[in-house]
Amino acid sequence: MPSPNLQLLPPLRCHLLIGPPASGKSSLAAALLPLLSLPDRPAPVLLSTGEALAERLRLATAGSQPVIVEACHTSRSQRLAVIQALQLPAPLEWIGWWLTTPLATCHRWNGGRGSQAVSEQAVADAYRELHGSKVFRPSRQEGFASLVAVDPSSHTPQELDQLLRTKLAGLSTSIAQAHKRAPRPNRLHGYSRLLDFERLMHLLRLLSEGHGHTTADLVTILQERHGPCYADPSVIPVDLAWLEAQGFGIATPVTTPIVPPPCTVVDQHNGVWCAYGDSDKFRQLITFIRHLLHHPFEHPPKTDDDPIQVVQPTTRQSAASSKQLYEHLGRQLTALYPDLFPWGGWMHSLHNDITDVIHPYQLSSGHARKGFTIGTALLNEAELIEMHSIVLDATTRKHDPSPAGYELRDKLSACLPRAGIAIDERLPVRATANRSIVDPELVAPTALTRHARQLEQAIVRREPIVIARLSHAGRFQPQDSAQAQAAAVASQGPWTVWPLQLLFHNIAWYLAYEKQPEPGQSHGLIKTDRLDWLEWRRSPAPLAPPRSYADQQASVALLHRLIKRSGGIHFGGDPALQRRIGGSSAKAARAAMTTLRFRCNQQVFPFFVAGSARFPGQMRLSKRRPHDPWRHRPDADALHQIAPDLTDDDHPYPVEIKLPPWTLREDFDFRRWLFGFGNAIYIEQPEELRIMQVNQARQLIDTITAKAEAENQAKVNAWNRRVAP
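None of the values given here were measured: they were computed from a predicted structure. Counting from 1, residues in each chain are numbered in the order their sequence is written. Whole-chain, interface and lining totals are the exception, using all residues; otherwise, since this is a predicted model, local features are given only for residues with pLDDT of at least 70 and side-chain atom pairs are given and counted only at 80 or more. Excluded from the side-chain calculations are hydrogens and water; all other atoms, namely the structure's heavy atoms, are used.

Let us look at the pattern of salt bridges. Any carboxyl oxygen of Asp or Glu that lies within 4 Å of a side-chain nitrogen of Lys or Arg is treated as forming a salt bridge with it. On inspection of all chains with the given rule, the structure shows 30 salt bridges. Here Glu 93 makes a salt bridge to Arg 13, at a shortest N to O gap of 3.0 Å. Of this pair, Glu 93 sits in strand β4 (residues 92–99) while Arg 13 is found in strand β1 (residues 12–18), placing the two residues 80 residues apart along the sequence. Whether a residue is buried, partly exposed or exposed follows from its accessible area with a 1.4 Å probe, protein chains only, as a fraction of its type maximum: under 20%, in between, or over 50%, in that order. Glu 93 gets classed as buried once you look at its relative accessible area, which sits at 9%. Given a relative accessible area of 26%, Arg 13 falls into the partly exposed group. Between Arg 620 and Glu 656 there is a salt bridge; the shortest N-O distance is 2.6 Å. Here Glu 656 lies in strand β14 (residues 653–659) and Arg 620 lies in strand β12 (residues 619–622), a separation of 36 residues in the sequence. Accessibility expressed as a relative area gives 31% for Arg 620, which makes it partly exposed. With a relative accessible area of 16%, Glu 656 lands in the buried category. Through salt bridges with shared partners, a single ionic network connects Arg 597, Arg 599, Arg 620, Asp 645, Asp 648, Glu 656 and Glu 684. Counting from the N terminus, the helices are DSSP H or I runs at least four residues long and the strands are E runs at least two residues long.

Attention shifts here to the nonpolar core. Residues Phe 197, Met 201, Ile 286, Ile 289 and Leu 363 are the most contacted members of the largest nonpolar core, which totals 45 residues. Ranked by residue count, the leading element in this core is helix α9 (residues 194–208), at eight residues. Side-chain atoms within 4.5 Å are what join buried Ala, Val, Leu, Ile, Met, Phe, Trp, Tyr and Cys residues into a set we call a nonpolar core.

Glancing now at the sheet that holds strand β2 (residues 45–48). At least two bridges found by DSSP between two strands is the condition for calling them paired. In spatial order, the strands read β2-β3-β1-β4-β5; together these five strands make up an open sheet with parallel pairing. Strands with a single pairing partner mark the edges of an open sheet, and in this sheet they are β2 and β5 (144–150). Adjacent strand axes in the sheet meet at a mean angle of 20 degrees when their direction is disregarded. For β2 and strand β3 (residues 67–70), the ladder comprises four bridges, and the chain directions are parallel. Bridging from a neighbouring strand, Val 45 pairs with Val 67 of β3. Helix axes use the C-alpha atoms of the stretch in contact, all axes being lines fitted to C-alpha atoms, and the angles between their N-to-C directions lie in the range 0 to 180 degrees.

pLDDT is a per-residue confidence score from the predictor, ranging from 0 to 100. Residues of the protein with pLDDT of at least 70 account for 87%, and the chain-wide mean is 85. At the level of individual helices and strands, the protein shows its lowest average pLDDT in helix α1 (residues 4–7), which scores 41, and its highest in helix α5 (residues 103–111), which scores 96. Contacts between residues were defined by any pair of non-hydrogen atoms, one from each residue, lying within 4.5 Å. Throughout residues 1–8 the model reports pLDDT below 50, and contacts reaching past four residues in sequence, or to other chains, amount to 10 contacts. Long-range and interchain partners of residues 304–317, a stretch whose pLDDT sits below 50, account for 12 contacts in this model, where long-range means more than four residues apart.

A few words now on the sheet that holds strand β9 (residues 526–530). With antiparallel pairing, the five strands of this open sheet are ordered in space as β9-β8-β7-β6-β10. Each edge of the open sheet carries a strand with a single partner, namely β9 and β10 (534–537). Across the sheet, the mean angle separating the axes of adjacent strands is 40 degrees when strand polarity is ignored. Note that strand β6 (residues 465–469) and β10 share four bridges and pair antiparallel. Residue pairing across strands places Ala 468 opposite Glu 535, the latter belonging to β10. Where helix α18 (residues 452–461) meets the sheet, its contacts fall on β6, β7 (495–505), β8 (508–515) and β10, and the angle it forms with β7 comes to roughly 105 degrees.

Okay, the packing of helix α10 (residues 215–226) against helix α11 (residues 236–245) next. One way to put it is that α10 packs onto α11 with a least axis distance of 10 Å and a crossing angle of 110 degrees. One way to sum up the angle between α10 and α11 is to call them roughly perpendicular. Contacts from Thr 215, Leu 218, Val 219 and Leu 222 in α10 reach Ile 236, Pro 237 and Leu 240 in α11. Roughly parallel means an angle under 35 degrees; roughly antiparallel, over 145; roughly perpendicular, 65 to 115; everything else is oblique.

Now for the pairing of β7. Taken together, the three bridges between β6 and β7 define a ladder with antiparallel strand orientation. By the bridge assignment, Ile 467 is partnered in β7 with Trp 495. Sheet analysis places β7 next to β8, joined by eight bridges and oriented antiparallel. Residue pairing for β8: Pro 499 is matched across the bridge by Tyr 513. Between β7 and β8, which pair antiparallel and follow one another directly, the connecting turn spans two residues, one of which, Asn 506, has a positive phi of 60 degrees.

Any two rings among Phe, Tyr and Trp, with Trp reduced to its six-membered ring, count as a pair given centres within 6.5 Å; such a pair is stacked if its planes are under 30 degrees apart, edge-to-face if over 60, and tilted if neither. For the structure on display, the rule yields 17 aromatic pairs. Relative to Trp 242, the ring of Tyr 191 has its centre 5.3 Å away and its plane inclined at 55 degrees; by these criteria the two rings are tilted. Remark: Trp 242 occurs in helix α11 and Tyr 191 occurs in the loop between α8 (171–180) and α9; sequence separation between them is 51 residues. Their ring planes at 40 degrees and their centres at 4.9 Å tell us that Phe 608 and Phe 677 sit as a pair that is tilted. With a gap of 69 residues between them, Phe 608 in helix α23 (residues 605–610) and Phe 677 in the loop between α25 (668–675) and β15 (681–685) connect regions that are remote in the sequence. Of the residues examined, Phe 608 reaches a relative accessible area of 2% and is grouped as buried. Within the aromatic cluster, the residues linked to one another by ring pairs are Phe 598, Phe 608, Phe 615, Phe 670, Trp 673 and Phe 677. Across from the ring centre of Trp 673, 4.2 Å away, lies the NZ or CZ of Arg 614, which sits over that ring. Two thresholds decide whether a charge sits over a ring: the Lys NZ or Arg CZ must be within 6 Å of the ring centre and within 35 degrees of the ring normal.

Of note, the amide linkage connecting Gln 685 to Pro 686 takes the cis form, showing an omega dihedral of 0 degrees. Examined against the element boundaries, Pro 686 turns out to sit in the loop between β15 and α26 (687–723). One non-glycine residue with positive phi stands out, namely Ser 64, at about 60 degrees. Along the polypeptide, Ser 64 turns up in the loop between α3 (53–62) and β3. What makes Ser 64 partly exposed here is its relative accessible area of 37%.

This is the structure:
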């Protein structure tokens, strides 16, 4: 810190050169040195960047020597590290000299430097960094009392000398004029200096993305991403405490006023402040950022007169959407903070905040058509609680095999309380009754359940894997013949497959996969099997390379159409038929299906009416009888098409469902659902399904009768043994 008596001295002017390699910095420094040498004043000193720069700069300024720092200084962090981050023994006025030499000239001059030449790529990269983003180009806000742009290539040595003399002579006047536009001292705050302001913006981005839970973590990330000048471990805890006090540490929206910290560098900074150096502008910006953090992707409500565009808009539509969004955000902020956001001129300021801060500092992943958000803050408090409940249900009741699910559960359980959300004090609003019947502790070591991470990676990377069916896996097909047992052995695998998705169905997790095509087939078979009944096999030879995204997407789309049209997850064994029924044409799919027709009684018919979405577009139901008390909706005429059977009071209501042949012949879950209605339905067609229902009933009767007769005979035999002499 400068001593009090030195603070009374006029600031010492020092000079920072800015420009890409071979832009003429050395020539400019050589021209400046004699112009800064004055009688009876300490001689100026020329310094270059390096490890000892800070110490040499302290020694020179302590002796009141004007300093010229010659280096590229292409990044803002490099400039701030010299101008604002160093603690020097005397107040300074930094003059920035930005060399705007054309890139082609830099390349030409670089080619003539011999062994001192750098690569053309290095020159181009440095030039782009200086001339790229308007927000991060050299600016007076960085702490320069004056910033002078000079193109040495456009002047002869004599002209350059005269230009420098003129610029130096006019510095005092231009600096005095600039000071008149600076905020008054009582309007400054703790983040009025650009270094402090940018550190806060970078820190906000890290926190909103979930990075770093300790000061050491944040210091490391800030230094790696943005430069060491932002990574001061002594001030970051102060920043974190201030953000916490302003409501940035909780997910619950707050409207308490933003209270900036006091400015402690007024005397040393010589009136050069960032664009948000005024306390009111800073409070507006931070309030706006907090609002976006707590209300992500907020946008005007959709109305019939002003619909939200879903397709890519034209320039005029995009401009109109932007205006609507800004006006909507302005109304929201004015309603919440009427003193801070008076209606009217704030619209222009809001646009500046988005273009000068929200986007450049990468705080937002939104835009003016869909709304803005800060970092990854997509969910509000209630939605976060609901997500935690869903993840908890998936990992505890359904035993989600994915390690990522358990990691997400543990992270939410740890982070939400830190954000002020007491999840233990909230009862879940909804839950699912279905739960996994599989005990994960009893699953075979080679089962896919225990290889969930590798399985997920294969799905994401679209890579083939080798699987087989475990020998102890259950089967619904009878195996009472040698032919059936041989077929069962052949169906054990192993197979090379493309894993498509993990599905939770009724009681367990399943893998949906596509087999490699058999010889002579153009497509592979789509199948599903329980994870705990499938075995992870290592291939002795390299498998096929990853398939294309388009191929994987087509297979997943086929899978979901098969699920929709089958009403389950069994899809038969014919790949060609799967493509017909699972194709994009619903008409062609129905042509390949079989019609199931049955009649039902009055008690169960409402279940089919209410459950018509089980087979969307595939069901046709009975119309009402004249004396029926119930009414079907007028918009359900397409569903209620079949005339009731007026001659049968027991089963008057016909139902027809178009289904894949495999569903009727092989899907045990479907038969269990249908046959579960017992004598409340009477199957008319197909004949084989009706015979199957009859045979199942007869087999059950025969089994019960035989067991009962055997038990009765055993009791008779036991009685006879007891009474025998």
